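The chain contents come next:
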Amino acid sequence: MSALEPTRGTPWVESPYVRSLLAGGLAGTTVDMTLFPLDTLKTRLQSSAGFTASGGFSGMYKGVGSAFWGSAPGAALFFITYDGIKRALSPRPTTARNVEGKPYKVEQTSGAATHMLAASLAEVAACAVRVPTEVVKQRAQAGQHPSSLAALTHILRQRSAHGVGHVWRELYRGWSITIIREIPFTMIQFPLWEALKRWRQAQTGKSQVSGLEGGLLGSMAGAVAAGFTTPLDVLKTRMMLAREKQPMFTMLSSILRESGPRAFFAGIGPRVGWISVGGAIFLGSYQWASNLLGGEDEA
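The paragraphs below set out a description of the structure included in this document. (Residues numbered from 1 in each chain as written. Predicted model: local features only at pLDDT ≥ 70, side-chain atom pairs only at ≥ 80, totals over all residues. Heavy atoms only, no water.)

Notes on the pattern of salt bridges
1) Next: All told, the structure shown has 15 salt bridges when counted by the stated rule.
2) Next: With a closest N to O distance of 3.1 Å, D233 and K42 form a salt bridge. With D233 in helix α9 (residues 211-241) and K42 in helix α2 (residues 36-46), the pair connects residues that are 191 residues apart, well separated along the chain.
3) Next: Of the residues examined, K42 reaches a relative accessible area of 1% and is grouped as buried.
4) Next: One salt bridge in this structure joins R181 and D233, with 2.2 Å as the shortest N-O distance. Note that R181 is positioned in helix α8 (residues 175-204) and D233 in helix α9, a separation of 52 residues in sequence.
5) Next: Its relative accessible area of 6% is what places R181 among the buried residues.
6) Next: The network of salt bridges with common partners includes D39, K42, E123, R130, E134, K137, R181, E182, D233, K236 and R271. (Salt bridge = Lys/Arg side-chain N within 4 Å of Asp/Glu carboxyl O. Helix = DSSP H or I, 4+ residues; strand = E, 2+ residues; numbered from the N terminus. Buried < 20%, exposed > 50% of the residue type's maximum accessible area, 1.4 Å probe, protein only.)

Here it is as structure tokens:
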């Protein structure tokens, strides 16, 4: 067998879209449930009310219900979109022959531009689930409500006084800044992750990296992306936690006027740490599950 020939067993799931759905759902739930306290810590550090007033170190699992129910569908939607677009835009496989003269397919790698486009569109799709989840979760984390259910109920009860449109605007508050934050983040993280995986594959001669390798490389890519996008994350958190909805540039001016430029790097340590560890768990568990469902050799 050629060093470049894929080592595969029998796929558990034939459809690549179903594999993306299952592996993505598992990855999203695993990372969000594991690292929820760090996410709470970051939210409270970024809150305009201050860390102590937002709850300090108490009630670190407030809002976990919202994260639990939103994690799997959001991550599954991301990877179905990401892998689907990547497959559609990737070059067709070529045929090669091993040392025994038997033909086999060699997958062609996509370029960074393809990964950027696929990841960006996947983030937009995932945010349809992620933004309402974040709004409810962060209001509970910051101590505005005792639980995610109470936060959601508070928003839904505004329908009688302000109408359905107001409820939707509240649930999707911060949509624009979330998209503005997530697209640069994912345009850094995923092309870097894919490049690191190609580098590792060239070293080992295997068709896929293992789950452990995918996790370690994902941690590196996530840490880099998290550091660069922390200011956007601060702006998003402040917009979601504000008592009244404010335009993005109004909030930006308010932060600069009241707290100065340093405020845009509040929580950078927990954010980089959380996303670094989260990248390892998220992308590692995704790679492991995808390999398993696709019949790839993990050895």
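Describing helix α1 (residues 16-34)
1) Next: Helix length check: α1, at 19 residues, gives a terminal C-alpha distance of 27 Å against a target of 27 Å (1.5 Å per residue), a fit within 8%.
2) Next: Those residues of α1 that fall on the buried side of the exposure criterion are R19, S20, A23, G24, G25, A27, G28 and V31.
3) Next: Packed against the buried residues of α1 are α3 (64-89) and α11 (268-294).
4) Next: You can read the cap of α1 off the contacts: a side-chain oxygen lies 3.3 Å from the backbone nitrogen of Y17, and it is on S15. (Expected span 1.5 Å × (residues − 1). Contact = heavy atoms within 4.5 Å. Polar contact = N/O pair within 3.5 Å; in protein donor to acceptor, adjacent residues only side chain to side chain.)

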